[in-house]
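One-letter residues, chain by chain:
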Amino acid sequence: MQITDLGNKESGKIWHRKPSPATREGIIVNIIHTTSDYLPKVLRFLNVAFDSSGDCLIAGDHQGNIYVFDLSGNRFNLVQRTAQACTALAFNLHRKSEFLVALADYSIKCFDTATKELVSWMRGHESSVSSISVHASGRYAITTSSDTAQLWDLDTFQRKRKLNILQSVGIQKVFFLPLSNTILSCFKDNSIFAWECDTLCCKYQLPAQPEGSSISYKVFAVTRDGRILAAGGKSNHLHLWCLEAKQLFRIIQMPAKVRAVRHLEFLPDSFDAGSNQVLGVLSQDGIMRFINVQTCKLLFEVGSLDEGISSSVISPHGRYIASVMENGSLNIYSVQALTQEINKPPPPLVKVIADLPKRKPTSGDLKVKVTSGRARRPARSREDRAQTRILKRDLAGGFENKENELSGGLNKKRLQILLKGYGEYPTKYRMFIWRSLLQLPENHTAFSSLVDKGVHMAFLNLQQKYPIRSWKLLRVLQRTLSALAHWSAIFSETPYLPLLAFPFVKLFQNNQLVCFEVVATLIINWCQHWFEYFPNPPINVLAMIENVLAFHDPELLQHFIDHDVTSQLYAWPLLETVFSEVLTREEWLKLFDNVFSNHPSFLLMAVVAYNICSRGPLLHCDLRDDFKYFFHHRNNLDISVVIREVYHLMDTTPPDIHPERTLSVFVALTKGQYPVFNQYPKFIVDYQTQERERIRNDELEYLRERQAVENMQAEVDQQRVEDEAWYQKQELLRKAEETRREMLLQEEEKMIQQREKLAAVRRELRMKEMRLQDAARRRFLKLQQDQQEMELRRLDDEIERKVYMRDQEIATTAKDLEMRHLELESQKRLYEKNLTRNQGTIAKEMREEVDAYRRKVDLEERLFHRLLETDQAQNQDTQKLIKENLAKAEQACLNNDWRIQALHKQRRNDLQRNECYQEMAKLLRKNRRKETEVLNAMLGKEVNKVLLREVQHEWMPPEK
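A few points on the structure. The written sequence of each chain sets the order in which its residues are numbered from 1. Per-residue local features of the predicted model are confined to residues with pLDDT of at least 70, and side-chain atom pairs are confined, for both listing and counting, to 80 or more; whole-chain, interface and lining totals are unaffected and use all residues. Neither water nor hydrogens contribute to the side-chain values; these are computed over all heavy atoms in the structure.

### Digging into the overall build of the protein chain
Then, in step 1: Along its length, the protein chain carries 22 helices and 30 strands.
Then, in step 2: Per-residue accessibility, obtained with a 1.4 Å probe over protein chains only, is compared with the maximum for each type, and a residue is labelled buried under 20%, exposed over 50%, and partly exposed between these values. In the protein chain, buried positions account for 39% of the 960 residues.
Then, in step 3: Across the protein chain, the fraction of contacts at a sequence separation of at least 24, relative to all contacts at a separation of at least 6, is 55%.
Then, in step 4: Surface summary for the protein chain: the accessible area is close to 57200 Å², and the carbon and sulfur share equals 53%. Counting from the N terminus, the helices are the DSSP runs of H or I reaching at least four residues and the strands are the DSSP runs of E reaching at least two. Whether two residues are in contact is decided by their heavy atoms, any of which lying within 4.5 Å being enough. Only the protein chains shown count as cover for residues, and the accessible areas themselves come from Shrake-Rupley with a 1.4 Å probe.

### Brief notes about the packing of aromatic side chains
Then, in step 1: What counts as a ring pair is set by centres within 6.5 Å for rings of Phe, Tyr and Trp (its six-membered ring), and what kind of pair is set by the plane angle: stacked under 30 degrees, edge-to-face over 60, tilted for all other angles. Under the criterion given, the structure shown has 34 aromatic pairs.
Then, in step 2: The rings of W434, F504, F508, W526, W588, F592, F596 and F666 are connected pair by pair, giving a single aromatic cluster.
Then, in step 3: Above the ring of W121, the side-chain terminus of K109 is found at 4.1 Å from the ring centroid.
Then, in step 4: Directly above the ring of Y204 sits K246, whose terminal nitrogen or CZ lies 4.7 Å from the centroid. Whether a charge lies above a ring is judged from NZ of Lys or CZ of Arg, which has to be within 6 Å of the ring centre and within 35 degrees of the ring normal.

### Things to note about the environment of M938
Then, in step 1: For M938, the position within the fold is in helix α22 (residues 875-955).
Then, in step 2: With 135 residues separating them in the primary sequence, M938 and V803 have C-alpha atoms 8.7 Å apart.

### Focus: a positive patch on the surface
Then, in step 1: A surface patch of like charges, here positive, comprises K922, R925, K926, R928, R929 and K930.
Then, in step 2: You can see R929 is positioned in helix α22. Patches draw on residues past 30% relative accessible area with no salt bridge. Two like charges within 9 Å are joined, as are two nonpolar side chains (Val, Leu, Ile, Met, Phe, Trp, Tyr) within 5 Å. Definition used for salt bridges: Asp or Glu carboxyl oxygen within 4 Å of a side-chain nitrogen of Lys or Arg. We count Lys and Arg on the positive side and Asp and Glu on the negative side, and we leave His and both chain ends out. Where a charge lies is defined by one atom per residue type, namely NZ (Lys), CZ (Arg), CG (Asp) and CD (Glu).

### Description of the pattern of salt bridges
Then, in step 1: If you walk through the whole model with that rule in mind, you get 27 salt bridges.
Then, in step 2: Its salt-bridge partner being R95, residue D155 comes within 3.9 Å of it at the nearest N-O pair. With D155 in the loop between β14 (148-153) and β15 (158-164) and R95 in the loop between β8 (86-90) and β9 (98-103), the pair connects residues that are 60 residues apart, well separated along the chain.
Then, in step 3: Here D155 falls in the partly exposed class, since its relative accessible area comes to 38%.
Then, in step 4: Note on R95: relative accessible area 31%, which makes it partly exposed.

### Details of the sheet that holds strand β21 (residues 228-233)
Then, in step 1: Here, strands pair whenever DSSP counts at least two bridges between them. The four strands are arranged β20-β21-β22-β23 in an open sheet whose pairing can be described as antiparallel. Each edge of the open sheet is held by one strand with a lone partner, namely β20 (217-222) and β23 (247-253). For this sheet, the mean inter-axis angle between neighbouring strands, taken without regard to orientation, is 25 degrees.
Then, in step 2: Looking at chain direction, β21 and strand β22 (residues 237-242) are connected through four bridges and run antiparallel. Residue pairing for β22: A231 is matched across the bridge by H239. What counts as an axis is a line fitted to C-alpha atoms, over the stretch in contact for a helix, and the angles between N-to-C directions run from 0 to 180 degrees.

### Thoughts on the state of the cysteines
Then, in step 1: Any cysteine sulfur atom paired with another within 2.5 Å is treated as part of a disulfide. If you walk through the whole model with that rule in mind, you get zero disulfides.
Then, in step 2: The structure places no disulfide on C201, whose sulfur is separated from the nearest cysteine sulfur, that of C202, by 8.8 Å.
Then, in step 3: By relative accessible area, C202 is classed as partly exposed at 41%.

### Some points on the pairing of strand β25 (residues 278-283)
Along any regular strand, the residues point their side chains to alternate faces of the sheet.
Then, in step 1: Of all six residues in β25, six are buried, a share of seventy percent or more.
Then, in step 2: Hairpin remark: β25 followed by strand β26 (residues 288-292), antiparallel, with four residues in the connecting loop; positive phi at G286, about 85 degrees.

### Let's talk about the nonpolar core
Note that soluble globular proteins tend to have their nonpolar side chains buried in a common cluster.
Then, in step 1: Ranked by internal contacts, the top residues of the largest apolar core, which has 104 residues, are W487, F504, L575, F579, W588, F592 and F596.
Then, in step 2: No other element matches the 11 residues that helix α10 (residues 512-526) contributes to this core.
Then, in step 3: Every residue in contact with W588, bar those within four places of it in the chain, is listed here: W434, P503, F504, L507, V578, F579, S580 and L583.
Then, in step 4: Working definition of a nonpolar core: buried Ala, Val, Leu, Ile, Met, Phe, Trp, Tyr and Cys residues. They are joined through side-chain atoms within 4.5 Å. Listed in part, the 21 residues of the second largest apolar core include L6, I28, F50 and A322.

### Description of the side chain of S145
Then, in step 1: Summarising the element assignment, S145 is placed in strand β13 (residues 140-145).
Then, in step 2: Whenever two N or O atoms come within 3.5 Å, that pair is a polar contact, provided that in protein one can donate a hydrogen and the other can accept it, and provided that, for residues adjacent in sequence, both atoms are side-chain atoms. A distance of 3.4 Å separates the side chain of S145 from the side chain of S127, its partner in a polar contact.
Then, in step 3: With residues near it in sequence (within four places) discarded, S145 still touches H125, S127, S128, V129, S130 and I171.

### Focus: the packing of α10 against helix α15 (residues 585-596)
Then, in step 1: Running from N to C, α10 and α15 cross one another at 60 degrees; their axes reach a closest spacing of 13 Å. Our classification of the angle between α10 and α15 gives oblique. The two elements α10 and α15 cross, and the hand of that crossing is left-handed. Contact with α10, carried on its side by V518, L522 and W526, involves F592, V595 and F596 of α15 and no other residues of that element.
Then, in step 2: Residue polarity follows a fixed list, in which Ala, Val, Leu, Ile, Met, Phe, Trp, Tyr, Cys and Pro are nonpolar, Asp, Glu, Lys and Arg are charged, and the others, Gly among them, are polar. Of the residues that constitute the contact of α10 with α15, the class distribution is six nonpolar, no polar and no charged. With respect to orientation, any angle under 35 degrees is reported as roughly parallel, any angle over 145 as roughly antiparallel, any angle of 65 to 115 as roughly perpendicular, and every other angle as oblique. The handedness criterion is simple: a crossing whose near helix is rotated anticlockwise from the far helix by less than a right angle is left-handed, and one whose near helix is rotated clockwise is right-handed.

### Some remarks on the side chain of S283
Then, in step 1: Structurally, S283 is set in strand β25.
Then, in step 2: Taking the relative accessible area as the measure of exposure, S283 reaches 0% and is therefore buried.
Then, in step 3: Apart from the residues within four sequence positions on either side, S283 is in contact with V258, A260, V261, R262 and R289.

### Describing unusual backbone geometry
Generally, phi is negative for residues other than glycine and the peptide bonds are trans, each holding for most cases.
Then, in step 1: Although it is not a glycine, A83 sits at a positive phi angle of roughly 60 degrees.
Then, in step 2: Overall, the relative accessible area of 69% leaves A83 in the exposed class.
Then, in step 3: Positive phi values are uncommon outside glycine, yet K116 reaches one of about 60 degrees.
Then, in step 4: The residue K116 is located in the loop between β10 (108-112) and β11 (118-122) in this model.
Then, in step 5: Taking relative accessible area as the criterion, K116 reaches 39% and is therefore assigned partly exposed.

### As for helix α16 (residues 601-613)
Then, in step 1: With 13 residues, α16 ought to run about 18 Å at 1.5 Å a step, and its terminal C-alpha atoms sit 18 Å apart, in line with that.
Then, in step 2: Within α16, 12 of the 13 residues are buried, leaving the element largely enclosed by the surrounding structure.
Then, in step 3: If you check which residues of α16 are buried, you get S601, F602, L603, L604, M605, A606, V607, V608, A609, Y610, N611 and I612. Multiplying 1.5 Å by the residue count of a helix minus one yields the expected span of that helix.

### Side note on the environment of S310
Then, in step 1: Take S310: it is sitting in strand β28 (residues 309-314).
Then, in step 2: Sequence separation between S310 and E326 is 16 residues; the distance between their C-alpha atoms is 5.1 Å.

### What about the sheet that holds β10?
Neighbouring strands of a sheet are bound in pairs by backbone hydrogen bonds; such pairs are parallel or else antiparallel.
Then, in step 1: Pairing within the open sheet is antiparallel, and its four strands lie in the order β8-β9-β10-β11. Every other strand in the sheet has two partners, leaving β8 and β11 as the edge strands with one partner each. For this sheet, the mean inter-axis angle between neighbouring strands, taken without regard to orientation, is 20 degrees.
Then, in step 2: As defined by bridge partners, β8 adjoins β9 across four bridges and the pair is classed as antiparallel. Within β9, the residue paired with L89 across the bridge is V101.

### Side note on the packing of helix α5 (residues 444-452) against α10
Then, in step 1: Two elements in contact, α5 and α10, have axes whose closest approach is 11 Å; the angle formed by their N-to-C orientations is 90 degrees. One element, α5, and the other, α10, form an angle in the roughly perpendicular class. For the pair α5 and α10, the contacting residues are H444, F447 and L450 in the first and Q512, L513 and F516 in the second.
Then, in step 2: Grouping the amino acids of the contact of α5 with α10 by side-chain chemistry returns four nonpolar, two polar and no charged.

### Thoughts on the pairing of strand β24 (residues 261-267)
Then, in step 1: Most of β24 sits inside the fold, with five of its seven residues counted as buried.
Then, in step 2: Taken together, the six bridges between β24 and β25 define a ladder with antiparallel strand orientation. Within β25, the residue paired with V261 across the bridge is S283.

### Here's the deal with a nonpolar patch on the surface
Then, in step 1: Taken together, V455, M457 and L460 make up a surface patch of nonpolar side chains, about 260 Å² in accessible area.
Then, in step 2: Tracing the backbone shows M457 in the loop between α5 and α6 (462-465).

### Description of helix α19 (residues 639-652)
Then, in step 1: With 14 residues, α19 should cover 20 Å at 1.5 Å per step; its first-to-last C-alpha distance of 20 Å lies within 8% of that length.
Then, in step 2: Every buried residue of α19 is listed here: I639, S640, V642, I643, E645, V646, Y647, L649 and M650.
Then, in step 3: Regarding α19, its N-cap is D638, as a side-chain oxygen of that residue lies 3.2 Å from the backbone nitrogen of S640 further along.

This is how it looks when you write it as structure tokens:
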């Protein structure tokens, strides 16, 4: 399985070598997206959608990055960064380069993958959009949320219709039926309605579910021809509806492991005319099971309990399955690889069995009928029956022969005969046969003591060097490597130990004891003399491989020598990874069936055989990097041919260079306690351990110092933040103080204004009071005068009448003067205002005329120079134009002079007006002098009256 990390790349290749998905898993590539920040993290994919061709898909993660993956062109591109999580995607629009994405802010946007630009922005939903369904023509789309569904025209991106429902009835899904104009709406009360797309008239409603089979529908799927609707929910039952007959025609019960169905989708087929027969059912355990809806048989599964599937989409042509995993990665599956076992032709009816009796067999002995029961052979003779009985027990994994007996009743020689006949052990019994061949002691107590010591210091940061997606697999690998390091100190310093142990850890991850003992047995027997030159590669073992290669293929060895390729390049990568990098899972298992069944030298011979069988491409390699790539990646090589070549090398290699002469025979692990492993230069390991401990202590000291520095930096940052907060607070206080001061100034201004108003009111009140007092005094004097002058009324009537008339005239004159003064003041203000307005208007006009004149002169000069440069023959016209412009300028000057004269006249008028004002002021002063004289005369008259009254008093006769 290939893994592609998008990282910070905006484009690149999806895979770097031709994908070869395994038959069981069927994974073409696993795509992850990690960030390279200070704290790296995995960005989880949320949604995925295929285009109408099925060879291109888009995927969006929770940070809003939208990627386009071209599976046929092996390219990926980042087409948009929406900065919001996408809740739904659609990529099969009428314009092939456009796609719809529903975002977390309840909006739907349309982008173009070619230009990477926003095409349209559609709003209208008030909750998260859960699905987008596009019409077969690609011109209409339906977006569904929990409270409403909306129909959009993708040509104008306008909303055509909106489905409103009651709050008590929610919407599950609204979608188009394939290849039709029918819209299917599914509600939370299990009601399903079909609508006409053009008129939105209800065509029909599916009847209620039968009693006893009630399911709360959550997910739906429709076949390509739109005839069958599959519905499921929180149950292990599936309902199949016939939309033509409008009735429920089948109820499928899933296995007991399935408690709820999360997603349904039919698998398209090019030869079923749209009546899809295979239905993919994604359940709550993260496994998507594909069943045949006609035969109700489970065909294959995708996903596992460790690597569960969150959501899945199948391409329209049915070649790919894109699944968003629960860990946030994206898996692309090959349907052809997943269905390879299903589509295999039936096995042959005749099988050839090796090591038959020496008598000449008949045709009846070579035929075996394959049935659903046990395999049977025709009874020929007693010898034949015995052989048939032995063959059947070989397949089951048991033998009656006690020679070379292994644990579990197996016989090694007969296992080798079975292996040579079939090339590999049965998958069902492989693990049992391996445990018997390796004679594992299963020392539970000893293994528990190693595990109880915890994770070894050398493997604390294993995830950083060997990132593994499955946390369970990582923990098992970390625990196995730690147990090996606690068993022998050399393994804590061995850099290639994780590569050596990983395939066995992945194979035995559910039984850690067996995994540890298999790796330990492999190291003791098949890794003999590997650690004598530690920390360097095993030069002695590589020399044995080179000697065998020199004997069997000197041309290839000479090619290696000519290009400076040593055994550390063409042999050591295969040994340290035990062929796991260059072989698929099935090929690797087949190889180690033979490795564990033979002498430990078989593994070294396998390295030589791999090189000899690959001599064709190797002889064409000229660069050292090509050799490195070849021995670290899978190649197009038949493992059966390699194994046959290994057996040939084992038989034809001379004894003096045969690795069997140097390597010891197989030795099993001891029971009770594991043997001591000290076949390595102890002083080097001790020195490396000491150096590693010193480096670790230095690193811890450095980390402590760094932590102290970080703490100090954090304190400094905290102090800086506090200082900034204090400064900001002081600034706020200063601004608040300034605001308060401004408010105080405004209040003081308001108070001054109020005081001025109060002073004016007081002045008015005083004036009024003075007038009232004066009036009261006058009334009192008048009353006194009336009482005293009752007898002199006749004499004073004429005088009083004249005085009264004079008073009236004086008052009228005073009022007229006041009114005249007010009129003059208002007229003065009006004249001043008009004068100011006229002056401003005239000044503005003069400025505009001067600016226009300047612009005109500049334009004329530019035109003059331009015409002078372009054509000398137009001088006369230019001069005439200049004269006209000069005449206009003179006219403008005359106009300006006229305006200036008008201004002088206005100023003279103002002076005359001021003189008039002065004369009026003189008249007012004269009037005041006259008023003063009148008042003095009145006072004199009153004095005369008093004197007259006194004289009269003196001349009155005495009373009798």
